[in-house]
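Architecture at a glance
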Amino acid sequence: NRINHIAIIMDGNGRWGKKRGKSRNYGHLKGVGVIERLVKESIKLKIPILTLYTFSTENWKRPRREIDFLFKLIEEYFYKEINNLVKNGIKINILGNIKKLPKKIKNCLIKSISKSKNCKKIIVNLAINYGSKYEILNAYKQLERKNEKISFKNFEKNLYTKNIPNPDFLIRTGGEKRLSNF
Ligand code: IPE
Ligand code: IPE
Ligand code: MG
């Protein structure tokens, strides 16, 4: 009964920063270090797939400054670390509508996906601009566009999560018990 897939809704960063007398963005910044540790531990435990809910379709309602900070953080991280990620066998995959992201982070993510495409140790799915409702609607639109028959099989083929087994565990940090459109 091995674990194939762990999904994490990474919540509570803002509160964590505030509680320490710092900013919400300080919490986000520290969150990056936590992700690094998570990925390292997952590799050690031989968990082949890790999904991290990073930015939801609802998160666009946040103040522009916070959104910009989050995207910048992700972008800078990948620019700095992508070669190390590849060296460590970490394959980056994105779940969500990447097209609607600002150009800089979009290009950076596309490059990271391409550079890491042959990595074999672990797949890290970043759910960015992701929402389960959007995923369902998008799959339906793809079926229409490609004029495919509406069946479970075709529906699944058009999900962002195609070829990915369901998570064995879903963890939400920060204390809330909800899915937030995951
Ligand atoms: C991180 O936690 C989740 C992201 C959208 C980056 P939050 O930013 O939601 O922090 P809390 O829940 O307000 O503390
Ligand atoms: C869930 O956290 C989404 C992510 C971690 C990306 P939120 O803080 O955005 O969700 P709500 O607003 O508490 O439901
Ligand atoms: Mg939150």
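Residues numbered from 1 in each chain as written. Chains lettered and ligands numbered in written order. Predicted model: local features only at pLDDT ≥ 70, side-chain atom pairs only at ≥ 80, totals over all residues. Heavy atoms only, no water.

Some details on helix α2 (residues 24-44)
- When the terminal C-alpha atoms of α2 are compared, their 31 Å separation across 21 residues agrees well with the 30 Å that a helix rising 1.5 Å per residue should span.
- Listing the buried residues of α2 in full gives N25, G27, H28, G31, V32, V39 and S42. Looking straight down α2, one finds that the buried residues subtend no more than 160° of arc, so they occupy a single side. When the buried face of α2 is taken as reference, the exposed residues oriented beyond 90 degrees from it are R37, K40 and K44. (Helix = DSSP H or I, 4+ residues; strand = E, 2+ residues; numbered from the N terminus. Expected span 1.5 Å × (residues − 1). Buried < 20%, exposed > 50% of the residue type's maximum accessible area, 1.4 Å probe, protein only. Arc of directions from axis to C-beta.)

Comments concerning the nonpolar core
- By size, the foremost hydrophobic cluster in this structure holds 29 residues, and its most contacted members are F78, L109, V124 and I128.
- Elements with a contribution of two residues or more to this core: β1 (5-9), α2, β2 (49-56), α3 (64-87), β3 (90-95), α4 (103-115) and β4 (122-130).
- Aside from chain neighbours lying at most four places away, what touches L109 is I74, F78, I94, I98, L101 and I128. (Core = buried A, V, L, I, M, F, W, Y, C linked by side-chain atoms within 4.5 Å. Contact = heavy atoms within 4.5 Å.)

Re the packing of α2 against α3
- Contact pair α2 / α3: the axes reach a minimum separation of 10 Å and the direction vectors enclose 30°. Taken together, α2 and α3 sit at an angle that is classed as roughly parallel. Helix-helix and strand crossings are classified by hand; for α2 and α3 the assignment is right-handed. Counted together, R24, N25, H28, L29, V32 and E36 of α2 and E66, F69, L70, L73, Y77 and E81 of α3 form the full contact between these two elements.
- By residue class, the composition of the contact of α2 with α3 is six nonpolar, two polar and four charged. (Axes fitted to C-alpha atoms, helices over the stretch in contact; angles between N-to-C directions. Parallel < 35°, antiparallel > 145°, perpendicular 65-115°, else oblique. Left-handed = near helix turned anticlockwise from the far one by under 90°. Nonpolar A, V, L, I, M, F, W, Y, C, P; charged D, E, K, R; others polar.)

So, the pairing of β4
- Of all nine residues in β4, eight are buried, a share of seventy percent or more.
- Looking at chain direction, β2 and β4 are connected through seven bridges and run parallel. What sits directly across from S56, in β4, is Y130.
- One ladder, built from six bridges, connects β3 with β4; its direction is parallel. Across the sheet, residue I90 finds its bridge partner in β4, namely I122.
- Between the parallel pair β3 and β4, the chain is carried across by α4, and the sense of this crossover is left-handed. (Pairing = 2+ DSSP bridges. Right-handed = clockwise from strand over helix to strand, strands pointing away.)

Side note on the packing of α3 against α4
- Where α3 contacts α4, the axes come no closer than 9 Å and their chain directions differ by 20°. Classified by the angle their axes make, α3 and α4 are roughly parallel. As α3 runs across α4, the sense of the crossing is left-handed. Of the residues in α4, those in contact with F71, I74, E75, F78, Y79, I82, N83 and V86 of α3 are K104, I105, C108, L109, K111, S112 and K115.

Quick look at the packing of aromatic side chains
- Going through the model one piece at a time under the given rule, you end up with eight aromatic pairs.
- Ring geometry for W16 and Y26: centres 6.1 Å apart, planes at 20°, overall stacked. Placement of the pair is W16 in helix α1 (residues 13-19) and Y26 in helix α2, with a sequence separation of ten residues.
- Given a relative accessible area of 35%, W16 falls into the partly exposed group.
- With relative accessibility at 24%, the residue Y26 sits in the partly exposed group.
- Seen in terms of ring centroids, Y77 and F78 are 5.7 Å apart; in terms of plane orientation they differ by 80°. Their pairing is edge-to-face. The pair Y77 / F78 is uniform in exposure class, with both members buried.
- An aromatic cluster is built from Y53, Y130 and F182, whose rings are joined through pairwise contacts.
- We note K22 situated over the ring of Y26; from NZ or CZ to the ring centre the distance is 4.5 Å. (Phe/Tyr/Trp six-rings, centres within 6.5 Å; stacked < 30°, edge-to-face > 60°. Lys NZ or Arg CZ within 6 Å of the ring centre and 35° of its normal.)

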